[in-house]
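Below, each chain spelled out in residue letters.
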Number of protein chains: 2
Amino acid sequence: MATSEITHGDGRETQRLNILSGARSVFARKGWSATMADIAAAANVSQGLAYRYFPSKEAIYAELLTHASRLKAFEQVRTMSGTAMERLRFLIDHLLDLDDTHIEFFRLSVLTLHDDALPSALRAQLEEQTEAFRSLLQSLIAEGQQTGVIVAGDPDQLLMALLAFLDGLCIMGIQGSDKAKQHFPDADIVLRILQPPANP
Amino acid sequence: MATSEITHGDGRETQRLNILSGARSVFARKGWSATMADIAAAANVSQGLAYRYFPSKEAIYAELLTHASRLKAFEQVRTMSGTAMERLRFLIDHLLDLDDTHIEFFRLSVLTLHDDALPSALRAQLEEQTEAFRSLLQSLIAEGQQTGVIVAGDPDQLLMALLAFLDGLCIMGIQGSDKAKQHFPDADIVLRILQPPANP
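Quick notes on the rules
Residues numbered from 1 in each chain as written. Chains lettered and ligands numbered in written order. Predicted model: local features only at pLDDT ≥ 70, side-chain atom pairs only at ≥ 80, totals over all residues. Heavy atoms only, no water. Helix = DSSP H or I, 4+ residues; strand = E, 2+ residues; numbered from the N terminus. Buried < 20%, exposed > 50% of the residue type's maximum accessible area, 1.4 Å probe, protein only. Areas by Shrake-Rupley, 256 points an atom, 1.4 Å probe, with all protein chains shown as cover. Lys, Arg positive; Asp, Glu negative; His and termini not counted. Charge placed at Lys NZ, Arg CZ, Asp CG, Glu CD. Phe/Tyr/Trp six-rings, centres within 6.5 Å; stacked < 30°, edge-to-face > 60°. Lys NZ or Arg CZ within 6 Å of the ring centre and 35° of its normal. 1 Å grid on protein atoms, 1.4 Å probe; cavity = no way out; pocket = protein on both sides within 12 Å on 5 of 7 lines; lining within 4 Å. Points joined across faces, edges and corners; volume = space filled by probe spheres on them. Nonpolar A, V, L, I, M, F, W, Y, C, P; charged D, E, K, R; others polar. pLDDT = per-residue confidence, 0-100. Least-squares fit on C-alpha atoms with pLDDT ≥ 70 in both. Contact = heavy atoms within 4.5 Å. Domains from an automatic or database assignment. Buried area = accessible area lost by both parts, 1.4 Å probe. Salt bridge = Lys/Arg side-chain N within 4 Å of Asp/Glu carboxyl O. Polar contact = N/O pair within 3.5 Å; in protein donor to acceptor, adjacent residues only side chain to side chain. UniProt positions renumbered as here; feature names shortened; annotations may be inferred.

Going by the annotation in an unreviewed UniProt entry, the name recorded for chain A is TetR/AcrR family transcriptional regulator, with Alicyclobacillus fodiniaquatilis given as the source organism.

Trainee: How would you explain the overall build of chain A if you had to name every residue and give the values?
Mentor: A count of helical and extended segments in chain A gives eleven helices and zero strands. When the helices and strands of chain A are placed in sequence order, the string is α-α-α-α-α-α-α-α-α-α-α. Each principal axis of the C-alpha distribution contributes one length, and for chain A these read about 70 × 40 × 35 Å. Taking all 200 residues of chain A together, 48% fall into the buried category. Surface exposure of chain A reaches about 9200 Å², of which carbon and sulfur atoms provide 50%. Both charge centroids of chain A, one from 18 positive and one from 25 negative side chains, sit 3 Å from each other.

Trainee: Which residues make up the packing of aromatic side chains, and what values do they have?
Mentor: By the definition in use, this model includes eleven aromatic pairs over all chains. Aromatic pair A:F27 and A:Y61: ring centres 5.3 Å apart, planes at 90°, arrangement edge-to-face. Of this pair, A:F27 sits in helix α1 (residues 9-30) while A:Y61 sits in helix α4 (residues 57-69), placing them 34 residues apart in sequence. What makes A:Y61 buried here is its relative accessible area of 1%. When the centroid spacing of 5.7 Å and the interplanar angle of 5° are considered together, the rings of B:F27 and B:W32 count as stacked. Take B:F27 and B:W32: they sit in the same class, and that class is buried. Within the aromatic cluster, the residues linked to one another by ring pairs are A:F27, A:W32 and A:Y61. When the ring centre of B:W32 is taken as origin, the NZ or CZ atom of B:K57, which lies over that ring, is 4.2 Å away.

Trainee: Tell me about the layout of surface pockets, and name the residues and values.
Mentor: When its volume is computed, the second largest pocket comes out at roughly 330 Å³. For the second largest pocket, the full set of lining residues is A:V151, A:R192, A:Q195, A:P196, A:P197, A:A198, B:V151, B:R192, B:Q195, B:P196, B:P197 and B:A198. Counted by class, the lining of the second largest pocket contains eight nonpolar, two polar and two charged residues.

Trainee: Pulling in residues and values, what's your account of the confidence of the model for chain A?
Mentor: Averaged over every residue, the pLDDT of chain A is 91; the share at 70 or more is 94%. Taking the mean pLDDT of every element in chain A, the minimum, 85, falls on helix α5 (residues 72-79) of chain A and the maximum, 97, on helix α2 (residues 36-43) of chain A.

Trainee: With reference to specific residues and values, describe the relation of the copies chain A and chain B.
Mentor: Put simply, the second copy of the chain is the first one after a rotation about an axis and a shift along it. Least-squares fitting of chain A to chain B yields an RMSD of 0.0 Å, with the transformation described by 0.0 Å of translation along the axis and a rotation of 180°. The transformation relating the two chain copies, once decomposed into turn and shift, fits a two-fold axis. The share of interface residues of chain A whose copies in chain B are also at the interface is 100%, consistent with both copies meeting through the same surface.

Trainee: If you had to explain the domain arrangement of chain A to someone new, which residues and values would you point to?
Mentor: Residue and element names in this part refer to chain A. When the domains of chain A are assigned, the result is domain 1 (3-60) and domain 2 (71-194). One C-alpha centre belongs to domain 1, the other to domain 2; they are set 27 Å apart. At the junction of the two partners, domain 1 supplies ten residues and domain 2 supplies 14 residues. Between domain 1 and domain 2 lies a buried interface of about 1000 Å² when both sides are counted; carbon and sulfur atoms form 66% of it. Our enumeration of links across domain 1 and domain 2 arrives at one salt bridge. Linking R29 and E104 is a salt bridge whose minimum nitrogen-to-oxygen distance equals 3.6 Å. Linking domain 1 with domain 2 are one residue pair in polar contact (both at pLDDT 80 or more). When residues in the side of domain 1 that touches domain 2 are grouped by element, the largest group, seven residues, is from α1. Classifying every residue of the side of domain 1 that touches domain 2 by side-chain character gives three nonpolar, three polar and four charged.

Trainee: Describe the pattern of salt bridges, with residues and values.
Mentor: Per the counting criterion, the structure on display carries 16 salt bridges over all chains. In this structure, A:D167 and A:R107 form a salt bridge, with 2.6 Å as the shortest nitrogen-oxygen distance. Of this pair, A:D167 sits in helix α9 (residues 155-175) while A:R107 is found in helix α7 (residues 102-113), placing the two residues 60 residues apart along the sequence. Taken as a pair, A:D167 and A:R107 share a single burial class, namely buried. Between B:D156 and A:K179 there is a salt bridge, with the nearest N and O atoms lying 3.3 Å from each other. Of this pair, B:D156 sits in helix α9 (residues 155-175) while A:K179 sits in helix α10 (residues 178-182), placing the two residues on different chains. Owing to a relative accessible area of 16%, B:D156 belongs among the buried residues under this scheme. A relative accessible area of 37% means that A:K179 is categorised as partly exposed. The network of salt bridges with common partners includes A:E13, A:R16 and A:E63.

Trainee: Lay out the UniProt feature "DNA-binding region" (unreviewed entry) in chain A with the relevant residues and their values.
Mentor: This chain's UniProt record puts "DNA-binding region" (unreviewed entry) on residues 35-54 of chain A. Regarding residues 35-54 of chain A, the helix share stands at 75% and the strand share at 0%, and the terminal C-alpha atoms are separated by 13 Å.

Spelled out as structure tokens, the structure:
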């Protein structure tokens, strides 16, 4: 590998982001078993070059978690106004945007969370973020049930249903056929599982 | 391995079913990468014994597909009476029964369908069954939209949503925490995504 492949300044930052983006994509598909070779291939760079930017896949994964903790949609939803249902729609709209990275990050989280091979420091960081996301959904469901915009019933069951539905959709959004992507479900369909009956 | 480990008559059939059951479970978790060693471990038998019943994991997988093609719930739903929504509820109730094998078979199908390593003869058989299942859901959605028991709108989008939701639930049912299993969503929650608004 020629040293000239390493770029400087803005170019260097662009290449870093490119490698991170390739890594997010392969971790979302293969989970923790993704290798530096997979990551380099996804980023369209040589493996040697990838190693000049990051010492290991652990370092890349850690940086992905740090990026995710700053995801704007999650920050915004905590501070925005509107009913619990409106804020859930905002959140899920972002999560299911096929052009965005939220969907890959969500799938990466679900896929790597139960992998025993994930190093414990990374696991702790991921668990913290996963728990923050679940708590956010949980508090929006609780608030929505109190104000009557979300159907009554076991809130844990609603949370499980929402998480399972989102996981299934993220898999389909990432691995599905073109037809699946053309007819990709939107937040409105997902939120029907939380809607109270119009005539109770 | 002692020859006495091979049982005869009814005992032999019980052992065959035990190995098939272990295989269904590991294929549902690991996909096609599951090995004979994984299958033997899940069935609590030695690998040598597993090989005395089945020459290869391909043979086991083929037999699982044959078993699945005779699943009673799928036969019954084709011939039973009731609205499209009632028949979908019947089907999904069976699919989401954590004590049943439908949930493992569904997950096994989704997980292995897109694996390039799956031998082509098995892939053809699986694709045929997957297509039959999708067609069944599709025809029930079409019928339900015609009779007004299912919400209007893009039927392909409803099908994708249903398949994604079921996939996410099957993963949760198989790999989820005890808490997830205690609050496992039921067919009623799933079918809300198809319900027409009470006041159109």
